[in-house]
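These are the residues of each chain, in order.
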Amino acid sequence: MHGNTSSSHSGVSHSGSGALSHVYIQYPPLRCTISGSTGLFYDDGNKLLISPTSEQVFSWKTVPYSPLVAPTSDSICEGPIMSIRYSLDAKILAIQRSNFEIEFRNRETGETFSQKCRSETESILGFFWTDCPICDIVFVKTSGLDFLAYDSESKALFLVDTRKFNVTWYVYTHESRLLLLASGMQCKSFTGFQLSSAGIIRLPKFEMIMAKSDANSKPVLAAEDVHIVTVYGRIYCLQVDRVAMLLHMYRFYRDAVVPQGSLPIYSSKIALSVVDNVLLVHQVDAKVVILYDIFADSRAPISAPLPLLLRGLPRPKTLSRSNSQETETLEANNVSDHEATIYGDGWTFLVPDLICDTATGFVWKIHLDLEASSIAISASSSEVPLMLEFLQRRKLEAAKAKQLCLAICRALILEHRPISMVARALDVLVQSYSHSIKTGSYFKGIKAGDHPHSGLQQESSPATVAGESTRRVDAYGKSIKNESGTGVGSQISTRPSDFSTSDSEEDNEFQPQKIRFMDLSEKGGKKVGENPLGAETSGFDTQPSPPKSQMVGRSNSPLDSHASELLGVQATSAAISPAEMYSFVFAPVEEEMTGDPGYLVGIIVEFLRSANVEKIKVPPNLYVLTVQVLARSERYAELGLFVINKNEAVDVQIIEPSKEVALQLLESGRKNLQTRKLGLDMLRHLSLHHDYVLLLVQDGYYLEALRYARKNKVNTFRPALFLEAAVASGDLEHLAAVLRFFSDFIPGFRNTSDHSTYCRILNEMSSAIAI
Amino acid sequence: MGMSSAVTSNETMQLCVFDLRRGQHEGQELDKILFFYPADLPFSTQLSVIGLSEGLITFTRIFSPEAACEVIDAERHSHVFYQAEPDIWMVMIVEKNKELEAIWRSDALREVLKEVHSLFVMFYGPIRSLLEKEPGGGLSRSRLYSFIMDYLSDFLVGKRLQLPSFRDCLRERGSVQMLTISREAAIEVQSLVRVLESCSGSTQCCSLIMFQDLLVSTTLSPDDTINLFTYAVMRLAPNALSSGASSWSYLRKGNTVSQAVTAFVGNSRSVSEQISGSHDTSPGADRNYNVAGPLQHDKWSKGKDGFLVTDVSGVEVSSLISATPTIWLQQKEERVYLCAYQHRNLTIILLVPVNSIVNGEQGMSLLKQQVLENASLKIFKVEEKLSKGWGGENAYHVSGYRYLLVDHDRNVSRATPPGKVTTLAKESLLSMSKLREEVDLEKGQAKWEDPNHEKELEICIRAKNNAWVIARVSRGKELYMVLEKANETLLYASDALEKFSNRYCNGVFSLD
């Protein structure tokens, strides 16, 4: 039974996160199917998928991607269509009708006109709209380039500029604005232009590398073997060398094209996608995908090749049980027909992250499974810092990446990893945050109300600060109790086998039921046999099976929902502020950790070191936590070292002074006078006169308090406070001194009831002594 | 120093340690004596000194059972008492002689007694437990003898013992001197501390880091910190190692250690070697080796790997070659290995519980290897950082001031560097010494009256030479200063103190 539980548990984690794939496509697809369609075209300038019929053209927006998007349509004239693109302002539809002619149609007026080649010797290879200042559209012809501008007055195109080259074929992506023109016998000589809004940049001519199978053969480079790829805002060209089975990489600079090494390939057909700046190399023949994070110098893949998964596929009726009634039979059947077509022949890869299945008209968006890929990184290199770096670079699912980073951090600390390793991990996070602050990306995604510091700036009441750290009201004022304990922290481990997360949220977005045919079949007989529907249906499982419900609980305490709930809006950066580090790492970890406070202090010290290097301010509650941890383990001497480091004109404390810290020192100092004094000194140092005076009185130093109050002009206290203290001490002289003090320094004190009351007490006391 | 050479060492000072629980029967009086200096005094004289002391203790205990007498000031001698352990007393008798500058502050002398006892306990454990284990007391006596003689040798100037006198009034024995470091360096140091402590794996070890003769970091209890710091300054710090002489000794140490001392120490070592290994009954006692004559000079040297090595007494035949000495920590009441590493100016002392290291020396060499592997880089970095920030010998000199700053809460003191103190006139120093004596008295009384209320105190004296001699006590912190060539008004003196307080003491001594 026990074995059962564990095996099914690992099953959950696998099926949940798709641990066998770090890249997946999500069912349902965008269906670009129209009866009578004559083909599918991708307009990458407008990110439209276009399907023309004989008299109409339908277009689907792919950004933002939604399977439910409805097509828009335009009517067109009948005729052959070689290529079709809307102008960037979407006013004109351009259709290449033949090698010599392009037809333009004004969408508002319906007027059309044509542009033809001037000579018979040249033919049009293609065209694209551009936002570069001198022209609106570029024709790529075998004889060179024509730059044309559209004049809305005359409703005609006129030639702005022309460049003469021999062009065999060309590659262009709107994303990079880069145009590569191939020429030469082997088509490996390139001329490049970048037509950006800043103007036209001509790149130096360069040659691509082609291996020869033997001395005489001269392979010819084909257009489909050259890919322009944009990652991290950098433009690369990747060229497939079929002979060497290598993917050569070139990076474009304004004045140079620099080879960047090569990646091995395992399939003669290669396709490339970019998801969130991660390069996906589809080995189409092998039906696997390899991920690269082309950021650092390393050209090592993120992970071993793994298949592309289709997720969220409804289970066909034949395989489902009682709860399958809700599944639409028709759709299930429909899908099961195409379910096996992953890396099918009809697949066309669109820049940057779309797949169009020309056979079915389905358009899929490729998703990256951050959890799975980060596990893959850690599994392949066992380098947690590398994994964090990877996650920190993710923009698409920044909130999720952030949650993962936090979870990884917690796990590192809870697992007592060597301090040096945790330190490097913290360095990564702090540097990333520092960078995001400098570039401003950290604040971009965060609305004013959700500003991470806004919560922290609330003046904490003494009780809150002095109290237990368990009262963790996070920066957003929400309770985060879900998150501790068996929550994400313990769930996510840096060991792949322990990884159990769920993508159920994503599934739920699109379909109410979590029945996955794919996963089941992938799992093989073992699991299915034991527990036919297993965890796939766990969300709706009515069987009261205790171990399973526990699993459900675990797999359902999710990263995603937290991400949205806790971090509010989708952050555009995965950067983690020190305040968040406190709320989501140090505070929860401190609560969970048992024993070895020295280790936690060590981690905090490393964090402070990182923050200090990057000149980042650390929230006071982290210092408060440090004081708590040190005091709880009675390391008062060390606490002293943290708080003061012999005063010499400048403050050199590791723990920066703040009221919160001072109050914590006073609280912790109940058992240790020296620590209490540190708190008092800090209050005075911060010129928190009122608190300082009150505490002095509380400790019985009322005369000192009076002197201090007078010197610093503190007049926010009641005289009775001091008078009471003096009476309590039973010292006649002191009481007289205090009375005198107030009589002298507070105008009108002699007329108050305090004065008369305490004068009487004084007289009684003195007469008592006289007797 | 222009001292009369007519006086022999034997006549200036007597020091004895005795146990009131021993020798209570007639004829066994000698049994009380655990240590007597000078040792060559006839037993009758020794007994009469101890008898007088014992009588005084017994008498004063009638009135004050908790704290018997502290000092007797006779016309020509001062007797300074210190109860080191219950019923184990140390008494120092010094001759007063104005011409010879033999003007003492009794608290300073008591601090000497306290220090030697604390150090002894650090290496051998409490005297009482030694005596309990070995009722004859032979081993205890020989250990005390060699240890105290070694300790006293630090005070030898020529053939004369020179104890802390009024000239040392701007010094506080029994406190730690700390290095001021930047926040960045402080974080680096703390980071190093954690790495060091993680080297011992799961076992809890403590560390103490020093830069030259100054403390940088400690994770020991305050008392243990003082003891280990004192010892490290005396024998382990780079200065102490290289010169073979104490850099910290208040007075310049003479090169000639008296023949008698050397001879005796040599003798005692063989004694202790014979008996060692059987004296300690704590678990794993058979592995507890002491430094042979821990206070002897030139006992430590720096090994090739940067670790400091010493001779260790009581190597057992069966065990592997043992090289790591152990000390006794008061707070935790356990024996720990003392493992010291030195990189240039930085001395790092790691203390690992003996019980936690299963296979003794092998475990220690593993630990050392761990330190070298994991912490080397950090150590170098910290050393470099501290060296850069270090202001040199006179870093804590404040021109115009001669001061002593004591923080009793943290057992930390800072003072004008000794070289600068010597520029003061004798008159100023005498006044300060006297003033400190007053403050000592005042503090003692205040403590007696209300131990929970710390007294505030300020005294300004215009000395005969027109110097201002000032003492200010405020909530556990004390500031003493001498202002020579200062303006004559009290206001000026008070302002000077205020300025100093604001600038260097966070305003702790500012007159509120």
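Just so it is clear, the structure is predicted and the values come from calculations on it, not from any experiment.

Reading the values: the criteria
- Along each chain, residues carry numbers from 1 onward, in the same order as the chain's sequence is written.
- For naming, the first written chain is A and the first written ligand is 1, with later ones following in the order written.
- Restriction of local features to residues with pLDDT of at least 70 applies here, the model being predicted, together with a cutoff of 80 or more for giving and counting side-chain atom pairs; totals for whole chains, interfaces and linings are based on all residues.
- In this description, strands pair whenever DSSP reports at least two bridges between them.
- Secondary structure follows DSSP: runs of H or I at least 4 residues long count as helices, runs of E at least 2 residues long count as strands, and numbering of each begins at the N terminus.
- Here the axes come from fitting lines to C-alpha atoms, over the contacting stretch only for helices, and the angles between their N-to-C directions go from 0 to 180 degrees.
- In this description, any two residues whose backbone-derived C-beta atoms lie within 7 Å of each other are considered to be in contact.
- Where a domain begins and ends is set by an automatic assignment or by a domain database.
- Nonpolar residues are Ala, Val, Leu, Ile, Met, Phe, Trp, Tyr, Cys and Pro. Charged residues are Asp, Glu, Lys and Arg, and all others, Gly as well, are polar.
- UniProt positions are given in the numbering used here, feature names are shortened, and annotations may be inferred rather than shown by experiment.
- Working definition: roughly parallel below 35 degrees, roughly antiparallel above 145 degrees, roughly perpendicular at 65 to 115 degrees, and oblique for all remaining angles.
- For any helix crossing, the convention is left-handed if the near helix is rotated counterclockwise from the far helix by under a right angle, and right-handed if that rotation is clockwise.
- The span you would expect from a helix comes to 1.5 Å times its residue count less one.
- Burial is judged by counting other C-beta atoms within 10 Å of a residue's own C-beta: 20 or more means buried, 12 or fewer means exposed, and anything between counts as partly exposed, with every C-beta placed from the backbone.

### Considering the sheet that holds strand β15 (residues 402-407) of chain B
All names here are of chain B. Within the open sheet, the five strands sit side by side as β16-β15-β19-β18-β17. Their pairing is antiparallel. Both outer strands of the open sheet, β16 (412-415) and β17 (457-462), are each paired with one neighbouring strand and no more. Averaged over neighbouring strand pairs, the angle between their axes works out to 5 degrees when direction is ignored. Bridging between β17 and strand β18 (residues 468-474) involves six bridges; their strand directions are antiparallel. Residue pairing across strands places Ile459 opposite Ala471, the latter belonging to β18. Of the strands in this sheet, β17, β18 and β19 (477-483) are in contact with helix α12 (residues 426-449), which crosses β18 at around 25 degrees.

### Digging into the domain arrangement of chain A
Residue and element names in this part refer to chain A. Considered domain by domain, chain A is made up of domain 1 (383-448 + 469-496 + 558-616), domain 2 (619-686) and domain 3 (702-771). Contacts between domain 1 and domain 2 engage 12 residues on the former and 11 residues on the latter. Those elements giving two or more residues to the side of domain 1 that touches domain 2 turn out to be α15 (578-592) and α16 (597-613). Here the element with the most residues in the side of domain 1 that touches domain 2 is α15; it accounts for six residues. Taken together, the residues that form the side of domain 1 that touches domain 2 break down as 10 nonpolar, one polar and one charged.

### Brief notes about the sheet that holds strand β12 (residues 137-141) of chain A
All names here are of chain A. Within the open sheet, the four strands sit side by side as β11-β12-β13-β14. Their pairing is antiparallel. Either end of the sheet is taken by a strand with one partner, and the two such strands are β11 (124-129) and β14 (156-164). Across this sheet, the average inter-strand angle for adjacent strands is 20 degrees, counted without regard to direction. Pairing of β11 with β12 involves five bridges; the strand directions are antiparallel. Within the sheet, the bridge partner assigned to Trp129 lies in β12 and is Ile137.

### With respect to the UniProt feature "domain: Regulator of MON1-CCZ1 complex N-terminal" (unreviewed entry) in chain A
Per the UniProt record, the feature "domain: Regulator of MON1-CCZ1 complex N-terminal" (unreviewed entry) sits at residues 40-156 of chain A. Annotation note: span residues 40-156 of chain A, helix share 0%, strand share 50%, distance between end C-alpha atoms 28 Å.

### Focus on the packing of helix α17 (residues 620-632) of chain A against helix α18 (residues 636-643) of chain A
All names here are of chain A. Where α17 contacts α18, the two axes come as close as 8 Å, and the packing angle between them is 155 degrees. Between α17 and α18, the crossing angle belongs to the class labelled roughly antiparallel. Here α17 and α18 pass one another in a crossing that is left-handed. Touching Thr626, Val627, Leu630 and Ala631 of α17 are Tyr636, Glu638, Leu639 and Phe642, all from α18.

### Overview of α17(A)
Residue and element names in this part refer to chain A. With 13 residues, α17 ought to run about 18 Å at 1.5 Å a step, and its terminal C-alpha atoms sit 18 Å apart, in line with that. Those residues of α17 not exposed but buried are Pro620, Asn621, Leu622, Tyr623, Val624, Leu625, Thr626, Val627, Val629, Leu630 and Ala631. Note on α17: the residue one or two positions beyond its end, Glu634, has a positive phi of about 55 degrees.

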